[in-house]
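# Reading the structure
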Amino acid sequence: MTPVPEGFLWGASTAAHQIEGNNVNSDFWAMEHAEPRGARIREASGDACDSYHRYRDDIALLADAGLNAYRFSFEWARLEPAEGAFSRAELLHYRDMIDACHERGVEPVITLHHFTTPRWFAESGGWKRADAIDRFAAYVAFCCEALGDVRWVVTINEPNILALFDHLHGDDADPTPDTATVAMAQLPMPSLAFARRIGAVHRAAVAVLRERTRAKVGWAIACQAFTPTPGNRARFDEVFHAWEGAYLAWSAGDDFIGVQSYTSQPVDADGPVPHPQSPDNTLTGWAYRPDALGINLERLWALAGIPLLVTENGIATDDDVRRIAYTTGALQGMEAAIAAGAQGLGYLHWSLLDNYEWGSFLPTFGLIAVDRSSFVRSPKPSLAWLGRIAAGVATT
Ligand code: IFM
């Protein structure tokens, strides 16, 4: 195995709405309970994993396995449930999560926005509001009061998927009764206008964080490891720009780029090619492509030259042996990219827990299973396996 740099982060990721439960003031909760609800929403998030109350157990399991980093998100809808009404009690809740990490020698990696927004923000125009930048910057400034000793902050999770959210969860979405499949090829390209708008929001958030904290700051981009089919280089360039390039441009000046990688897709004259049906496909319907991570890291390093933090990588499967096989392949790709010169800062697996996959609990990405009635956590063998990789006592 290629030695990883000193201080390399080995951990796992989650997001508030997917694990906390009862995020009742958020736009996604409203969508889950709308009549009729969006076709892609099979079930509501409800209590999720009840991590709002059980975060110390989650952090202990991660630390006991030998991992040294935990990425989790602050929930804007809890911290500012009504416009301008910030909740100090909720800020202290997240501060306690940070303390719980530090007590266990775990580096917290905080995401400030992971897909959901407060209902008041969404219902008054969301990111299209004329003052969206100011509203988000005010929220970020409030968060900074809890971030004094935090070293890693992700401003916005997957802005390029956020660009598609209306379509994904709106009434015009394709029904997917058994999974929360997000098949890129069935979606429109993210609009460049949205990239400009959310890019400006990101830059404003970075400025606030730089002024008020000592954290290293970046955002986390969903990377599709697109590859051109013969004769379709120009189309590939166009697709890559809309999906990733337009967001990479807004990363300039950041301390890192968060890389989120699951699968790879060829691009032909019509755009991204749908994942063909295959018994190998994951529970989200994506092609089984552990090599995607290496492709993404080498590409992003060559294009941006900004240090790379793998903020998400994993597989939706109910077979933990397969999870280990997939992750082994992905880590080999990461090691090869680092050996070729890419500056890798860490690897955070998606996800720590089997959680709410934006409409369904069926696609299980977790290193830890969660009983849906008792909330009892059962670590899978992959958790201890990743811990051994982190400790350097196992290799890929
Ligand atoms: O669950 C999501 C996460 O919220 C963002 N990145 C992709 C994951 C798997 O679909």
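We now turn to the structure provided with this report. Keep in mind that what you see is a predicted model, and the values were worked out from it rather than measured.

Calculation criteria
Residues numbered from 1 in each chain as written. Predicted model: local features only at pLDDT ≥ 70, side-chain atom pairs only at ≥ 80, totals over all residues. Heavy atoms only, no water. Helix = DSSP H or I, 4+ residues; strand = E, 2+ residues; numbered from the N terminus. Buried < 20%, exposed > 50% of the residue type's maximum accessible area, 1.4 Å probe, protein only. Areas by Shrake-Rupley, 256 points an atom, 1.4 Å probe, with all protein chains shown as cover. Expected span 1.5 Å × (residues − 1). Bend = angle between axes of the 7 residues up to and from the residue. Pairing = 2+ DSSP bridges. Axes fitted to C-alpha atoms, helices over the stretch in contact; angles between N-to-C directions. Core = buried A, V, L, I, M, F, W, Y, C linked by side-chain atoms within 4.5 Å. Contact = heavy atoms within 4.5 Å. Near = heavy atom within 4 Å. Polar contact = N/O pair within 3.5 Å; in protein donor to acceptor, adjacent residues only side chain to side chain. Nonpolar A, V, L, I, M, F, W, Y, C, P; charged D, E, K, R; others polar. Parallel < 35°, antiparallel > 145°, perpendicular 65-115°, else oblique. Left-handed = near helix turned anticlockwise from the far one by under 90°. Salt bridge = Lys/Arg side-chain N within 4 Å of Asp/Glu carboxyl O. Phe/Tyr/Trp six-rings, centres within 6.5 Å; stacked < 30°, edge-to-face > 60°. Lys NZ or Arg CZ within 6 Å of the ring centre and 35° of its normal.

### Remarks on the overall build of the protein
Per the secondary structure count, the protein includes 14 helices and 13 strands. Projected onto its principal axes, the C-alpha positions of the protein cover 55 × 45 × 45 Å. Across the 396 residues of the protein, 61% fall into the buried class. A total accessible area of about 14400 Å² is found for the protein, and carbon and sulfur atoms account for 53% of it.

### A closer look at helix α11 (residues 233-248)
For α11, which comprises 16 residues, the first-to-last C-alpha distance of 19 Å sits more than 12% below the rise-based estimate of 22 Å (1.5 Å per residue). Taken as a whole, α11 carries its principal kink of about 60° at His-241. Phe-236, Val-239, Phe-240, Ala-242, Trp-243, Glu-244, Gly-245, Ala-246, Tyr-247 and Leu-248 are the residues of α11 that are buried.

### A few points about the sheet that holds strand β7 (residues 257-261)
A barrel is described by the order of its strands in space; here eight strands give the closed sequence β1-β2-β3-β4-β5-β7-β10-β11, paired in parallel fashion. The average angle at which neighbouring strand axes cross in this sheet is 25°, direction not considered. The pairing of strand β1 (residues 9-13) with strand β2 (residues 69-73) spans three bridges and is parallel. Bridge pairing in β2 links Ala-12 to Tyr-70.

### Some points on the nonpolar core
Of all hydrophobic cores here, the largest spans 110 residues; its most connected members are Tyr-70, Phe-74, Leu-112, Trp-127, Leu-147 and Met-334. The element best represented in this core is helix α7 (residues 132-144), accounting for nine residues. Leaving out residues up to four positions away in the same chain, Leu-147 has contacts with Phe-74, Ile-98, Ile-110, Leu-112, Val-153, Leu-209 and Thr-213. Formed by ten residues, the second largest nonpolar core is a distinct cluster that contains Ala-69, Val-109, Phe-256 and Leu-309.

### Brief notes about the site of the ligand
Looking at the ligand, the residues that line it are Gln-18, His-114, Phe-115, Asn-157, Glu-158, Tyr-262, Trp-286, Glu-312, Trp-350, Glu-357, Trp-358 and Phe-365. A distance of 2.8 Å separates a nitrogen atom of the ligand from a polar atom in the side chain of Glu-158. Calculation on the ligand without its partners gives an accessible area of 280 Å², and the protein chains cover 95% of this total. Across the shell around the ligand, the residue classes break down as six nonpolar, three polar and three charged.

### Side note on the packing of α7 against helix α10 (residues 192-212)
Running from amino to carboxyl end, α7 crosses α10 at an angle of 30°, the nearest separation of the two axes being 9 Å. Between α7 and α10, the angle is such that the two are roughly parallel. Every pair of crossing elements has a handedness; the one defined by α7 and α10 is right-handed. From α7, Ile-133, Phe-136, Ala-137, Val-140, Ala-141 and Cys-144 reach across to α10, where they touch Ala-200, Val-201, Ala-204, Ala-205, Val-208, Leu-209 and Arg-212. When its residues are assigned to classes, the contact of α7 with α10 shows twelve nonpolar, no polar and one charged.

### Points about the sheet that holds strand β8 (residues 266-268)
Ordered in space as β6-β8-β9, the three strands form an open sheet in which the pairing is mixed. The strands lining the two open edges of the sheet, one partner per strand, are β6 (227-228) and β9 (271-272). Relative to β8, β6 runs parallel, the two sharing two bridges. Within the sheet, the bridge partner assigned to Pro-228 lies in β8 and is Val-267. Relative to the sheet, α11 contacts β6, β8 and β9, its axis offset from that of β8 by approximately 120°.

### Quick look at the pattern of salt bridges
Under the criterion given, the structure shown has 25 salt bridges. In this structure, the salt-bridge partner of Asp-149 is Arg-95, at a minimum N-O distance of 2.8 Å. Of this pair, Asp-149 sits in the loop between α7 and β4 (152-157) while Arg-95 sits in helix α5 (residues 88-103), placing them 54 residues apart in sequence. Judged by relative accessible area, Arg-95 falls into the buried class, the value being 18%. By sharing partners, the salt bridges in this structure join Glu-80, Glu-83, Arg-129, Asp-131 and Arg-135 into a single network.

### Regarding the packing of aromatic side chains
Per the stated rule, a full pass over the model turns up 26 aromatic pairs. Measuring from ring centre to ring centre gives 5.6 Å for Phe-136 and Tyr-139, while their planes differ by 50°; the resulting arrangement is tilted. Placement of the pair is Phe-136 and Tyr-139 together in helix α7, with a separation of three residues, close to one helical turn. The residues Phe-136 and Tyr-139 share a single accessibility class, namely buried. Centroid distance Tyr-356 to Phe-361: 5.0 Å. Interplanar angle 55°. Geometry classified as tilted. Using a relative accessible area of 0% as the deciding quantity, one classes Tyr-356 as buried. Through a chain of ring-to-ring contacts, the aromatic side chains of Trp-76, Trp-120, Phe-121, Trp-127, Phe-136 and Tyr-139 assemble into a single cluster. Above the plane of the ring of Phe-361 lies Arg-372, whose end atom (NZ or CZ) is 3.5 Å from the centre.

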